[in-house]
Amino acid sequence: MPFNPFVIPFNIGLYFIILYVVARGVVWFRDLPRTDKLRMQRGFFGRPFILSIKEIFMEGLIHRKIFKVNPVLGYMHMSLAFGWFLLILLGTIEADIFGEKHLNPPYKAIFFRFFNPDHGTAGLAKHYGFLMDLILALILSGLLIAIIKRFWSGIVGMKRTANLKFLDKVALTSLWLIFPSRLLAESFTCGAYGSGSFLTGSLGTALAGFLPAEIMAYPFWWLYSLSLGTFFILLPRTRYMHIPSEMFLIFMRNSGVRIGDQYGSCADVQIHACSSCGICLNVCQLSTSADITNIQAAYFVKGLKREDDVFDIALNCLMCGRCDEACPVGIELGPLRMIHRRAGDPPKDTMSIWSGYLRLRNQNIQDNGESHITAFQYLKPQPVKKGPEVLYFAGCMTHLTPGIPIAMRKIFEAAGIDFDFMDKDGSVCCGRPLTLAGKDREARELIRNNSDAIWRSGAKTLVTSCPICYKIFMESYHLDVEVLHHSQYINRLIEEEKLKLNFLNKSVIYHDPCELGRGSGIYSEPRRVLIHISRLGKSNHEKEDALCCGGSLANLKIDRRKITDIVSDVVEELTLSNPDYLATACPLCKKTFGKADIKAGSEIKDIAEIVAMAIVSEPPEAIELKKRTKLEKVSL
Amino acid sequence: MHNKEKHIVIIGGGTAGCVAAGRLAREGYRISLIEKDKKPGGKINNWYQLFPDRRRSVEVTDYINKEIDHPLIDLMTGTELDKVKYKNGKFSISTGKSDLGQADAVLIATGFDLFDATRKEEYGYGIYDNVITSLDLENMFHSGDILTTKEEIPKRVGIVHCVGSRDEKVGNFHCSKVCCVTAVKQAIEIKEHIPDSEVFCFYMDMRMFGPYYEELYRESQEKWVVNYIRGKVSEVSENIEGRLVIKAEDTLLGKPIRMEVDMLVLMVGMQNAKAGLNLQDKFGIQTGVNGFFRIRDNHYGNNLSNVDGLFYAGTCTAPMNITDTISHARAAAVEITEYLSKN
Ligand code: SF4
Ligand code: SF4
Ligand code: SF4
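On a predicted model such as this, the values are computed, not experimentally measured, just so you know.

The next subject is the domain arrangement of chain A. All names here are of chain A. Looking at the assigned domains, one finds that chain A contains domain 1 (5-30 + 62-237), domain 2 (244-341), domain 3 (348-495) and domain 4 (507-614). A C-alpha centroid distance of 26 Å is found between domain 2 and domain 4. Taken residue by residue, the interface counts 18 residues in domain 2 and 19 residues in domain 4. Summing both sides of the interface, domain 2 and domain 4 together bury roughly 1,500 Å²; the carbon and sulfur share of this comes to 56%. On the domain 2 side of the interface with domain 4, the three residues burying the most area are Gln 285, Leu 318 and Arg 322, jointly 35% of the side's total. Counting the contacts that link domain 2 with domain 4 gives two salt bridges. Between Lys 557 and Asp 312 there is a salt bridge; the shortest N-O distance is 3.4 Å.

Pasting the structure below:
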């Protein structure tokens, strides 16, 4: 069997990485909770497996999602990943068909040209050689973009490129060397033997014209093998670990495994699956409006991989979900941050040089045992009215925007609903702000108190005006009543024809609140309500792509002035079309928008307030007039 | 060159603009005084009485009107600045209506806007009937009737300090300086009009910075029995009888308070005027973090801008009372005179 010592680095690297990936996969699997193990086992023999193969092909190789966001970046990822995949696949087939025997060791396929220098000068072999050159050209074109991107990131339209650490740089250099060295090694060999197709053949002939091709080829074969070997050995400690991790993640996800609320295997797979593509950097308003550029998902995930202290980063985030939505790998970035918020400030661990390879155990978050529950002793059972049809919970935030509960009261009355305003004298907080701060235990106390009041009322439906309350009612309250956000409830009243509304002939742009839209998936009901009563237009940020108002309760670190920077940009962007109303469905958004300079002629309104104006019994001009006379007194 | 050949454009015909115009005209300069409203005088026209001595504001208005009664002052009311060109220290200025020609110096005296109380929705301005601003109350004093919307005499009145000032939630960090003493003055006036009423002021700090302010504050407590509660009002609602329910915290007693009142007066703060901010790009001038125009030096250059030949007077640079505004305007006149004698 032909052999040459230069293949040794490649072989060592290859077998190491295969063993490593298998071992890593086994450990990941082993550390999963039992239910998740079962999910994956079932998935392996069912549809999830097939789906995953398809998804690995579409996302891992073709990079469809990145293509959608940014075609040049997508092409770069595709040409490298898919090109390399084809090169290996077709190379193996080539060695199998044209080599002297079948079932060759991998190195025979990779270094096929070295062992068969005069192959492919005629017939089928020649066409095949053309194909192989084409693929190499594809990869090299992608590589060229990658190199340009690294030194001049504007070219592919990304504003920022994720920064690299030292080992990543070495790995990156070896990755960059792989294909040029293959090109030169093949070309020299082809030049010496007069073989090769349009790329390696022509380049080979040209080089052989003035260089001793035969002698020159050998060092480049070494370089090719060495760069491959180095790349494989370093792979577990660099971001390129994302390649195997992403495949594992895709299968995990399709089998129904989710990250949960504890650091575990699934979270570990997810952080390793981040390719540092940087797409999350450009969607984050903290970076685009507030010049906070070190907390975005890519940096957070990188910090986790390095076992840095990420507590501050975890807290300095609006939890708006824009990066979750944009991440082409589908990393559950919000839940990942929440895990670290709950964990609190961790004790600083010393990091071992092995940690990149051997971080096998769950670094699980210890419950620090502290309880602040005595602080909640002031909570008394809330008085409730028995048996209303609907219980209305405004929420603390809504109490700061009294226009909303007043509008809701009008709506209930106009529709003739038997309702009780549960927190009319002030509320016990729903608990979500504490949850967002990672204080689940404390939140439990509030949840218990409110749940008790809701149960005792005997109402069948709970309506809230605040998406923040809505989300926690849905997720952490275990209520047997139906929970609706007021936009859903109003939509229902309209559909059931209980609420008669005028058409207002006002132009409206609707802003999806984070917690209601991306957070709870409610996009259509508010739009249906608004279409019913107004001329609803479109902004450049609809539905999943909605902006965050900037006032999020979730950011526990941000300077207030930066919030003003964010909201000014948002309001400017959303009122480009000079709408009469900029509508939202969240008291916090409404309040936050109030910080920005609103263009004359536009007004911020909650959807309930617009609906209240449209109620048939009361002509809208009356309310408007009352408001205007007051305002005129202010503007001197 | 004789002073008469020099031309100064003053933007804003409020207290500061008028006082400076009078001084400079008496120095012999030709003045174009641009005022966007129909008459000069600015915000003081809306005020009833002034602190600390409760003199009627018309007396100050009369003083201002006398200041600008000078042949060298060309007062243009209902006029706004349109285009500006700046070259070699000279300004070419036109209004929407006419070309003012070349100006050797420009004085910006665009004043302030009151904070828009609807932005602080939790206080219910524009939502509940009997929530009014300090300005609305002055109007009531003018008309002589302090009545709720149901035409009843309020028996209990709350006054909220720092509305839109010292409030990072609305993006205003600065203290508006005059609202504390305005609250004291208005509390006394309410008691004068309705002797059997109760008045409660909700404050964070009492900032009695000027001469005789502290005395007025003392008088309000001793003679008029105004109640002062240290604590911020967190929210306001309306009960079924239409009375306002205030939630606050008494930070001295460390206790939450709920109180019903018939009327709530919001002490709205000062912000740099929109009309002034619109000039920013035209002149290439800057604002500080508080949103007011940035003066060149905090101690001895508080009439100077970053542009040579461009000066500031009055509340476009910081919150001020009438006394300080007048002094600041006179100082601006001195600065301009000195500048023009050198150039
Ligand atoms: S978190 Fe997702 S979007 Fe951000 S760099 Fe990683 S893979 Fe890309
Ligand atoms: S959740 Fe929003 S604020 Fe936080 S990192 Fe992602 S995009 Fe930025
Ligand atoms: S003067 Fe008094 S009321 Fe006005 S902003 Fe300052 S502290 Fe607040």
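On to the domain arrangement of chain B, then. Residues and elements named next belong to chain B. Considered domain by domain, chain B is made up of domain 1 (7-111 + 273-342) and domain 2 (114-270). On a C-alpha basis, the centroid separation for the pair domain 1 and domain 2 is 31 Å. Tallying the contact residues gives 16 residues for domain 1 and 23 residues for domain 2. Buried area between domain 1 and domain 2, both sides added, is near 1,800 Å², and the carbon and sulfur share of it is 65%. At the surface where domain 1 touches domain 2, the tally comes to three salt bridges. Lys 177 is the salt-bridge partner of Asp 324, the closest N and O atoms lying 3.8 Å from each other. Put simply, domain 1 and domain 2 have six residue pairs in polar contact (both at pLDDT 80 or more) between them.

Another point: the interface of chain B and chain A. Every contact between the two is made by 30 residues of chain B and, on the other side, 25 residues of chain A. Summed over both sides, the interface between chain B and chain A buries roughly 2,300 Å², with carbon and sulfur atoms accounting for 53% of that surface. Applying the counting criterion to the chain B and chain A interface returns seven residue pairs in polar contact (both at pLDDT 80 or more). Taken together, the elements giving at least two residues each to the side of chain B that touches chain A come down to helix H3 (134-143) and strand E15 (233-238) of chain B. Top contributing element to the side of chain B that touches chain A by residue count: H3(B), with three residues. Residue composition of the side of chain B that touches chain A, grouped by class: nine nonpolar, seven polar and 14 charged.

Calculation criteria
Residues numbered from 1 in each chain as written. Chains lettered and ligands numbered in written order. Predicted model: local features only at pLDDT ≥ 70, side-chain atom pairs only at ≥ 80, totals over all residues. Heavy atoms only, no water. Domains from an automatic or database assignment. Contact = heavy atoms within 4.5 Å. Buried area = accessible area lost by both parts, 1.4 Å probe. Salt bridge = Lys/Arg side-chain N within 4 Å of Asp/Glu carboxyl O. Polar contact = N/O pair within 3.5 Å; in protein donor to acceptor, adjacent residues only side chain to side chain. Helix = DSSP H or I, 4+ residues; strand = E, 2+ residues; numbered from the N terminus. Nonpolar A, V, L, I, M, F, W, Y, C, P; charged D, E, K, R; others polar.

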